[in-house]
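Analysis of the macromolecular model
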Amino acid sequence: TRTPTPRRVLLVFVDTLRADHLGAYGYSRETTPQIDAWAEGALVFEQARSPAPWTMPSGRAAVSGREPERWRAGPHLGEVLARHGYTTVAVVGNKWLSEAFDFRDGWGVFDYEPRSIPRRVERAKHWLDKHPDQDVAMLLHVMEPHMPYREPKRLQSKWAGDAPATLADSVDAKTVRAAYTATTTDAERASLRQYVIDRYDQNIRYV
C-alpha cells in the first residue's frame, strides 16, 4: 500500500562478525567507525547471545525468535511484517540462508546470489528505490568478513604487514590450517595468528 511516509525496517546480517572486534563494544582498533557513530544514539545490546556459531541456525533464530530446530513452528519476522503491510525483501549471499535450506519462504522478494558486498548493497538499494512510497522491511546479509579475506588493496596493509612465509597468498581456512601445521615455534604461531587477526580486522573495516 502506498503511503506518503513509508516506513523502513533494515536488518543487517554481517557474517562471522565478532562483537569484541567492534569499537562500540570496546575494541581498540577503529574497525567500525560508521557502526560506532550510529551506536552512540542507538540501543546497544551488551548481553546478546547466539544459539549457534554458524550461519544457518543463528540466522534462523534471529528471524524467528525461536530455537533453530523450531524456527518453522510459527511465522518469522518477514512474514509478520508482510501481514502488516510491508513489502519484504531478503538480499542474502550465503548458501545456508538460501532457498536450498528453506530460508526463502515467507519473503515477498528473495534475492540470493554469492557476490561482493558492493554488488549486494547495490541490489538492496535497487529494491528500496523500487518501492519509494511503500513500507519496506529488508534483510541484507553480507559475507565479509568471512574467509577467504579479499579486502580491497587500499585496506590490505592498514594493520597487516607481510604475510608469514608459511602462509600462501590466499587467506582461507585451508591455507591457515596448513600454515599453522607448518610452523615450528611459538613465535611463528603468534606471528601467524596476529597476521590473520589483522586481515580479519581489515575485512571488518571494509564492511
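Scroll up for the structure.
Below, the structure is looked at part by part. Note that the coordinates shown come from a computational prediction; the quantities given were computed from them, not determined experimentally.

1. Structural notes on the sheet that holds strand β2 (residues 87–92)
Read from one edge to the other, the open sheet built from 4 strands follows the order β1-β4-β2-β3, with strand pairing classed as parallel. Two strands bound the open sheet, and with one partner strand each, they are β1 (8–14) and β3 (109–112). Ignoring strand direction, the axes of neighbouring strands in this sheet form an average angle of 10°. Taken together, the 4 bridges between β2 and β3 define a ladder with parallel strand orientation. Across the sheet, Val92 pairs through a bridge with Tyr112, a residue of β3. Its contacts with the sheet put helix α4 (residues 117–130) on β1, β2, β3 and β4 (136–142), and the angle it makes with β4 is roughly 175°.

2. Focus: unusual backbone geometry
Cis rather than trans, the peptide bond between Glu144 and Pro145 has omega equal to 15°. Note on placement: Pro145 falls in the loop between β4 and α5 (173–182). Residue Pro148 is bonded to the preceding Met147 through a cis peptide linkage, with omega at 0°. Secondary-structure assignment places Pro148 in the loop between β4 and α5. Positive phi outside glycine occurs at Thr16, with the angle close to 55°. By the secondary structure assignment, Thr16 is in the loop between β1 and α1 (33–39). We note that Asp102 has phi near 70°; this positive angle belongs to a residue other than glycine. Assignment of secondary structure puts Asp102 in the loop between β2 and β3. Asp102 sits in the partly exposed class, given a relative accessible area of 29%.

3. So, the packing of aromatic side chains
Under the defined criterion, the tally for this structure stands at 4 aromatic pairs. Where Trp71 meets Phe103, the ring centres are 5.7 Å apart and the plane angle is 15°; that geometry is what we call stacked. Here the residue Trp71 occupies a position in the loop between α2 (55–64) and α3 (77–83), and Phe103 occupies one in the loop between β2 and β3, the gap between them amounting to 32 residues. For the ring pair Trp96 and Phe101, a centre distance of 4.6 Å and an interplane angle of 45° mean the geometry is tilted. Given the relative accessible area of 27%, Phe101 is considered partly exposed. Among the aromatic side chains, those forming a connected cluster through ring pairs are Trp54, Trp96 and Phe101. A cation over a ring is seen here: Arg72 above Trp71, with NZ or CZ 5.1 Å from the ring centre. Between the NZ or CZ atom of Arg189 and the centre of the ring of Tyr180, over which it lies, the distance is 4.6 Å.

4. Quick look at the side chain of Thr55
Mapped onto the fold, Thr55 is located in helix α2. Thr55 gets classed as buried once you look at its relative accessible area, which sits at 12%.

5. Looking at the pairing of β2
Among the 6 residues in β2, 6 count as buried, and that is most of the element. As paired strands, β2 and β4 are joined by 5 bridges and run parallel to one another. Looking at the pairing, Val91 lines up with Leu140 of β4.

Cut-offs applied
Residues numbered from 1 in each chain as written. Predicted model: local features only at pLDDT ≥ 70, side-chain atom pairs only at ≥ 80, totals over all residues. Heavy atoms only, no water. Pairing = 2+ DSSP bridges. Helix = DSSP H or I, 4+ residues; strand = E, 2+ residues; numbered from the N terminus. Axes fitted to C-alpha atoms, helices over the stretch in contact; angles between N-to-C directions. Contact = heavy atoms within 4.5 Å. Buried < 20%, exposed > 50% of the residue type's maximum accessible area, 1.4 Å probe, protein only. Phe/Tyr/Trp six-rings, centres within 6.5 Å; stacked < 30°, edge-to-face > 60°. Lys NZ or Arg CZ within 6 Å of the ring centre and 35° of its normal.

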